[in-house]
Every structure is written in C-alpha cells, then in structure tokens.
Amino acid sequence: MPTEELRQDAERYLMNTYARSPISIVRGRGSRVYDLEGREYLDFVAGIAVNVLGHAHPDVVAAIQKQAQQLLHASNLYYTEPQVRLAQMLVDHSFAEKVFFCNSGAEANEAAIKLARRYAHQKYGPDRYEIITMRQSFHGRTMATLTATGQEKVQQGFEPLLPGFTYVPFNDLPAVEQALTDRTAAVLLEPIQGEGGVHVASRAYLKGLRELCRKRDLLLIFDEVQTGMGRTGTLFAYEQLGVEPDVMTLAKGLGGGMPIGACLATDNAAAAFTPGSHASTFGGNPLACAASLAVLRVLLDGRVLEQSRVAGNYLAKGLQDLKDRLPIVKDVRGLGLLQGLELSVDGKPVVTDCLARGVLINCTVDRVLRFVPPLIVTQREIDRLLDTLSHVLSKRI
Ligand SMILES: *Cc1c(COP(=O)(O)O)cnc(C)c1O
C-alpha cells in the first residue's frame, strides 16, 4: 500500500492530534529505519528518545520473544518476577529505594504528583499540596501533568486546570525561594528541559533546590522521562549534576521501545503510598519489564554508556562547529546524546529538508532542532547528520 493511501486512511480514522511527516515507517535496525517504499533513513529521533539501543536490538528482541511465550500479563494482584527484578535493578543503580511501575511518562508524573500530595498531607495536613514547577517545562498530557507543564499551548482549552501548581522561571533559584509558601509540598523539574528547547539546569541551581527542599521537607522530584536511561551519558542525568532527588520519574527509554514508565523514590517518600493509594492494571507488566531488564543489562554491562559519551561529545563538537560557521545557528545546548541547536529561523522546513535527504530529526519550540539518536549511534552516522545539516542550513542563509 502506498504511503499516500495510508495517509488518507489515517486522516479518516485517527483523531487529528499529530502533524505527521509524510512517510510510513515499517521496520528498523540499529540507527536506521525504512519506509513503505523501502527508503532508508538515519534516525536521530529514535521515537523521541525512546529507542536507546536502536531498533531491533537482538537482546531486547530475544527477551520479548521469550517472555511472550511464557506470560504476557498477570495483574498486580500477584507477584511476577520480571517486575521485581526490574525494580531491584533500578534501585541498585540509583538513589531510589522503591519503585512504582506504570505505562508512560505522564503516568509516572501522575504517580509522583500523587505521592507528593499524599506525603505532605500525611505529615502536615490538607493545606500543604502546592507543587512548584518550571516555565517551559513538559510533564505530559493528562490533566494533572498538563497542569504541571509550564506551557500555555499545552493547557489551552482544557481549563479549569488542577489547583495547586505554581510556575517559576527555570534555572532561577530566587524565583523558587519567592514562590515558597506554607502550602508548598514539592518542587518538580526536568534536569534538562527537553520539549522546552533543551535547557540544562546548572549545578548551583540544583544544589540550591536540594538545600531548600531539605530544609523544608519538600520533595524534590526530577522528571527524567527524557533524560534517563543513558540519554545524557550516565544512566540518569542527576548523576552528573551533583544532586539526588527524593523522587524520579522514567519512561521513554526505559523499555527500549516497549511502553513502560516508573516512579522511583526514597523509602521516606514512598512510605506515603499504602495498599489502595495508587494502581495501574498494566503497570509493571511482565512483557514490558522483561524488555526493560534487557535494556538495562545492555546499558550497564556493555560499553554503551561509555560509547554514548564519546558520541555525545562528538555530536556536540560538530554542532558547535556548525554554529561557528553559520550565522543562522544561534546556540548549541545539551548533554550527551540530548542535543539542541537553536536557529534564528523556524526549524520545521529544516526538518522537512533533512527528511528528503534521508535523515530524521525533530524540532521543538519552533526554532530548536533536537537530536536524540540511539545511544549506539556511530561517528560515521553523526558525520552524515552533520553533513546533511551543513548542506540544508547553508541553503537557508
Ligand atoms: C515525553 C515526556 C513526558 C510524557 O511522556 P509520555 O510517555 O508521552 O506520557 C513527560 N516528561 C518529559 C520530560 C518528557 O520528555
């Protein structure tokens, strides 16, 4: 079936929530995907930071096949081994002591928001429920998480929003200090704002937040849905930024392509949840957990993290070089293999031009090109991206 026919059927049968590029992806391998017509694309989107090990990684495929033959689903009324082992592995390799599993980033943040409210409620009573979040943040599309998200375009038309959120500018510690009241229960932020244009939190800022939260017994919540699972060169971004949160959310790369989310917390914070407080039918599903276990094993055992740090530096250097040569490029920001290139013009036509040249990239907040390739991306593949960008951007000056 040609792509045009599929596009027409999609318009007819799918709700109109996405502006899709006019290709249909049918399979992938490593850092490449292939469309219906058999054309190959270099994938610097990776499902928006999802396919951390690339497409069809043999260990992930084998884990899914094996688990699918054994048990797809059982319900959290019972124990299942993949879920417990995955929680153990996440705890062994992070600040956290307990894990709650769900199916997406928004759900992971919902769990974190509910945990923060209940923690404050139990310790300080019903008047302490406010959560401070950052402008230009992104936390998801459910009612609570779109309220937490500091972007009007995400909230528009869905009012009334959930009460109890206060927004402050990112990387501005005095703004947080000023926003604190007796009602404040938690501070929620991304260590690197992804959807908001790739802005990295400074170490001093995070250290200041950590101190503030410790003094007032506020929960410090890191949304690592995009930055987690090796994206920035360490398993979690907080490891490089010198500060440990009380609660952390994961999704995107966690299952290497399988839908899974998680809310991780210290014992102290996690104790606010008791049986019946929170639940998810599919959360911690054996199939998703088996895939996630395979992803974590490859990330931790192999040299993938190490290689991704080298690749991240190489990509950042190459983008910096573009900035030095092309006045259309205003800024380069990021950490590891989460890199952003801010342009002085709209980025969408650049995305389209790259697509026509067989390279998938993404654009966020209009003018920021975002690069989130699989962590196994090679220097040659990065060179191809940089050559394509150089060509496409040079044409636009
Ligand atoms: C993508 C993203 C989310 C939402 O995740 P979904 O799985 O789409 O619900 C939340 N927070 C951050 C930082 C994200 O990048």
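1. With respect to the site of the ligand
For step 1, the next point in the chain: Neighbouring residues of the ligand: 13 residues in total, closest Gly-105, Ala-106, Asp-223, Gln-226 and Lys-252.
For step 2, the next point in the chain: The backbone of Gly-105 places a nitrogen or oxygen atom 2.8 Å from an oxygen atom of the ligand.
For step 3, the next point in the chain: Within the side chain of Gln-226, an N or O atom sits 2.7 Å from an oxygen atom of the ligand.
For step 4, the next point in the chain: For the ligand, the protein covers 81% of the area, taking 380 Å² as the surface of the free molecule.
For step 5, the next point in the chain: At 3 residues, the largest contribution of residues to the shell around the ligand is made by helix α5 (residues 105-124).
For step 6, the next point in the chain: Considered class by class, the residues forming the shell around the ligand number 3 nonpolar, 6 polar and 4 charged.

2. Points about the sheet that holds strand β4 (residues 98-102)
For step 1, the next point in the chain: Spatial strand order, β4-β12-β11-β10-β7-β5-β6: 7 strands in an open sheet with mixed pairing. A strand with exactly one partner marks an edge of an open sheet, and here the two such strands are β4 and β6 (165-168). The average angle at which neighbouring strand axes cross in this sheet is 20°, direction not considered.
For step 2, the next point in the chain: Contacts from α5 reach β4, β5 (130-134), β6, β7 (184-189), β10 (219-223), β11 (247-250) and β12 (261-265), with the element oriented near 165° to β11.

3. Re the packing of aromatic side chains
For step 1, the next point in the chain: Within this structure, the stated rule accounts for 3 aromatic pairs.
For step 2, the next point in the chain: Residues Phe-95 and Tyr-238 carry aromatic rings whose centres are separated by 5.5 Å and whose planes lie at 85° to one another, so their mutual orientation is edge-to-face. Of the two residues, Phe-95 is situated in the loop between α4 (81-92) and β4 and Tyr-238 in helix α10 (residues 238-241); the sequence distance between them amounts to 143 residues.
For step 3, the next point in the chain: Owing to a relative accessible area of 5%, Tyr-238 belongs among the buried residues under this scheme.
For step 4, the next point in the chain: Ring centres 6.0 Å apart and planes at 5° place the aromatic pair Phe-236 and Tyr-238 in the stacked group. Each member of the pair, Phe-236 together with Tyr-238, is buried.
For step 5, the next point in the chain: Aromatic ring contacts, followed pair by pair, group Phe-95, Phe-236 and Tyr-238 into a single cluster.

4. With respect to empty space enclosed by the protein
For step 1, the next point in the chain: This model, assessed by the stated rule, comprises 1 cavity of 30 Å³ or more.
For step 2, the next point in the chain: In this structure, the largest cavity encloses a volume near 50 Å³.
For step 3, the next point in the chain: Lining the largest cavity are 13 residues; nearest its centre among them are Ser-75, Asn-76, Gly-284, Asn-285 and Pro-286.
For step 4, the next point in the chain: Of the residues belonging to the lining of the largest cavity, the class tally is 4 nonpolar, 9 polar and no charged.

5. Focus: α5
For step 1, the next point in the chain: Helix length check: α5, at 20 residues, gives a terminal C-alpha distance of 28 Å against a target of 28 Å (1.5 Å per residue), a fit within 8%.
For step 2, the next point in the chain: Looking only at α5, the buried set comprises Gly-105, Ala-106, Ala-108, Asn-109, Glu-110, Ala-111, Ala-112, Ile-113, Leu-115, Ala-116, Tyr-119 and Ala-120.
For step 3, the next point in the chain: The opening residue of α5 is Ser-104, an N-cap whose side-chain oxygen sits 3.2 Å from the backbone nitrogen of Glu-107.
For step 4, the next point in the chain: Taken from the residues just after α5, Gly-125 is the one with a positive phi, measuring 95°.

6. Quick word on unusual backbone geometry
For step 1, the next point in the chain: Residue Pro-160 is bonded to the preceding Glu-159 through a cis peptide linkage, with omega at 5°.
For step 2, the next point in the chain: Mapped onto the fold, Pro-160 is located in the loop between α7 (152-155) and β6.
For step 3, the next point in the chain: Even without being glycine, Asn-171 reaches a positive phi, approximately 65°.
For step 4, the next point in the chain: By the secondary structure assignment, Asn-171 is in the loop between β6 and α8 (173-179).
For step 5, the next point in the chain: With a phi angle near 55°, Asp-217 is a residue other than glycine that sits in the positive phi range.
For step 6, the next point in the chain: Turning to its location among the elements, Asp-217 is positioned in the loop between α9 (203-216) and β10.
For step 7, the next point in the chain: Assessed through its relative accessible area of 18%, Asp-217 is described here as buried.

Cut-offs applied
Residues numbered from 1 in each chain as written. Predicted model: local features only at pLDDT ≥ 70, side-chain atom pairs only at ≥ 80, totals over all residues. Heavy atoms only, no water. Near = heavy atom within 4 Å. Polar contact = N/O pair within 3.5 Å; in protein donor to acceptor, adjacent residues only side chain to side chain. Areas by Shrake-Rupley, 256 points an atom, 1.4 Å probe, with all protein chains shown as cover. Helix = DSSP H or I, 4+ residues; strand = E, 2+ residues; numbered from the N terminus. Nonpolar A, V, L, I, M, F, W, Y, C, P; charged D, E, K, R; others polar. Pairing = 2+ DSSP bridges. Axes fitted to C-alpha atoms, helices over the stretch in contact; angles between N-to-C directions. Contact = heavy atoms within 4.5 Å. Phe/Tyr/Trp six-rings, centres within 6.5 Å; stacked < 30°, edge-to-face > 60°. Buried < 20%, exposed > 50% of the residue type's maximum accessible area, 1.4 Å probe, protein only. 1 Å grid on protein atoms, 1.4 Å probe; cavity = no way out; pocket = protein on both sides within 12 Å on 5 of 7 lines; lining within 4 Å. Points joined across faces, edges and corners; volume = space filled by probe spheres on them. Expected span 1.5 Å × (residues − 1).

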